[in-house]
Amino acid sequence: MGEFLIKYQPFEFTNELREKITITESKLKQLRRIIFKDYHILFSRKDIEFDVFFEREGLDLFTPPYHSALSVGIVGNDDEMVHTLWIWECERSFLGLPVTTHIPGSKVSGNLSDQTSDQIEEELREVIEEFLSEV
């Protein structure tokens with residue numbers, strides 16, 4: 001699979017986009033609980049640490065720095081893996097490089113994953129199943 005991010009400029013930061021991001025984040029928070037419930041017993045039986053994290057940094061979707069992501073973390077005796085899927089990121093950049101403060105000439109942009117929540121679920125389950133088949 002793999003994720004592709006769609007780039008948005010500030011003039012595209014609409015209420016519709018805000019709603020789309022908010023709904024996606026909400027669905028993925030629910031997905032986090034479902035995936036954890038489905039797999040945590042399998043991993044605990046193998047004495048492997050397993051967790052699914054919903055991460056969010058920032059207060060406003062359209063004010064940098066803001067990002068949200070869903071990650072799976074697995075730590076076993078010999079293996080460690082973190083697989084992260086970005087949902088939305090709003091950042092400020094200057095000459096193409098991310099910056100944390102407003103610099104004259106810097107620009108704000110946003111990146112949104114083009115994957116549906118079903119595609120994200122499928123990808124995470126594939127990653128988890130692949131890890132399980134190797135231990």
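As a reminder, the structure under discussion sits directly above these lines.
Residues numbered from 1 in each chain as written. Predicted model: local features only at pLDDT ≥ 70, side-chain atom pairs only at ≥ 80, totals over all residues. Heavy atoms only, no water.

Draft legend 1. How the structure looks around the overall build of the protein. The helix and strand tally for the protein stands at 2 helices and 6 strands. Helices and strands in the protein line up, N terminus first, as β-α-β-β-β-β-β-α. In terms of overall dimensions, the protein has a C-alpha envelope of 55 × 30 × 25 Å along the principal axes. Residues classed as buried in the protein amount to 38% of the 135 residues present. Residue pairs at least 24 apart in sequence account for 57% of intrachain contacts in the protein once pairs closer than 6 positions are excluded. Accessible surface for the protein amounts to roughly 8300 Å². Of this, 52% is attributable to carbon and sulfur atoms. Charged side chains of the protein number 14 positive and 26 negative; the gap between the two group centres comes to 7 Å. (Helix = DSSP H or I, 4+ residues; strand = E, 2+ residues; numbered from the N terminus. Buried < 20%, exposed > 50% of the residue type's maximum accessible area, 1.4 Å probe, protein only. Contact = heavy atoms within 4.5 Å. Areas by Shrake-Rupley, 256 points an atom, 1.4 Å probe, with all protein chains shown as cover. Lys, Arg positive; Asp, Glu negative; His and termini not counted. Charge placed at Lys NZ, Arg CZ, Asp CG, Glu CD.)

Draft legend 2. Representation of the packing of aromatic side chains. Taken as a whole and judged by the stated rule, the model has 8 aromatic pairs. Pairing Y8 with W88 gives two aromatic rings, centres 6.1 Å apart and planes at 55 degrees, and the pair type is tilted. Here Y8 is found in strand β1 (residues 5-8), whereas its partner W88 is found in strand β4 (residues 80-94), with 80 residues between them in sequence. Considered together, Y8 and W88 belong to a single accessibility category, that of buried residues. Ring plane angle 45 degrees and centroid distance 6.2 Å describe the contact between F43 and F131, whose orientation is recorded as tilted. (Phe/Tyr/Trp six-rings, centres within 6.5 Å; stacked < 30°, edge-to-face > 60°.)

Draft legend 3. Looking closely at the nonpolar core. F43, F50 and W88 are the most contacted members of the largest nonpolar core, which totals 32 residues. Secondary structure elements with two or more residues in this core: α1 (15-45), β2 (49-57), β3 (66-75), β4, β6 (107-113) and α2 (117-134). In terms of residues, this core owes the most to one element, α1, which gives 7 residues. When residues no more than four places from it in sequence are discounted, the contact partners of F50 are I35, F36, Y39, H40, F43, V72, G73, I74 and I128. (Core = buried A, V, L, I, M, F, W, Y, C linked by side-chain atoms within 4.5 Å.)

Draft legend 4. The arrangement of the pattern of salt bridges in detail. In this structure the tally under the stated criterion is 5 salt bridges. A salt bridge links D51 to R32, with the shortest nitrogen-to-oxygen separation between them at 3.6 Å. Note that D51 is positioned in strand β2 and R32 in helix α1, a separation of 19 residues in sequence. When the shortest N-O distance is used, the salt bridge between R125 and D38 registers 2.7 Å. Here R125, found in helix α2, pairs with D38, found in helix α1; they are 87 residues apart in sequence, far enough to count as distant. Given the relative accessible area of 38%, D38 is considered partly exposed. Among the charged side chains, a salt-bridge network with shared partners connects D38, E121 and R125. (Salt bridge = Lys/Arg side-chain N within 4 Å of Asp/Glu carboxyl O.)

Interpretation note: all reported values are geometric properties and have no functional meaning in isolation.
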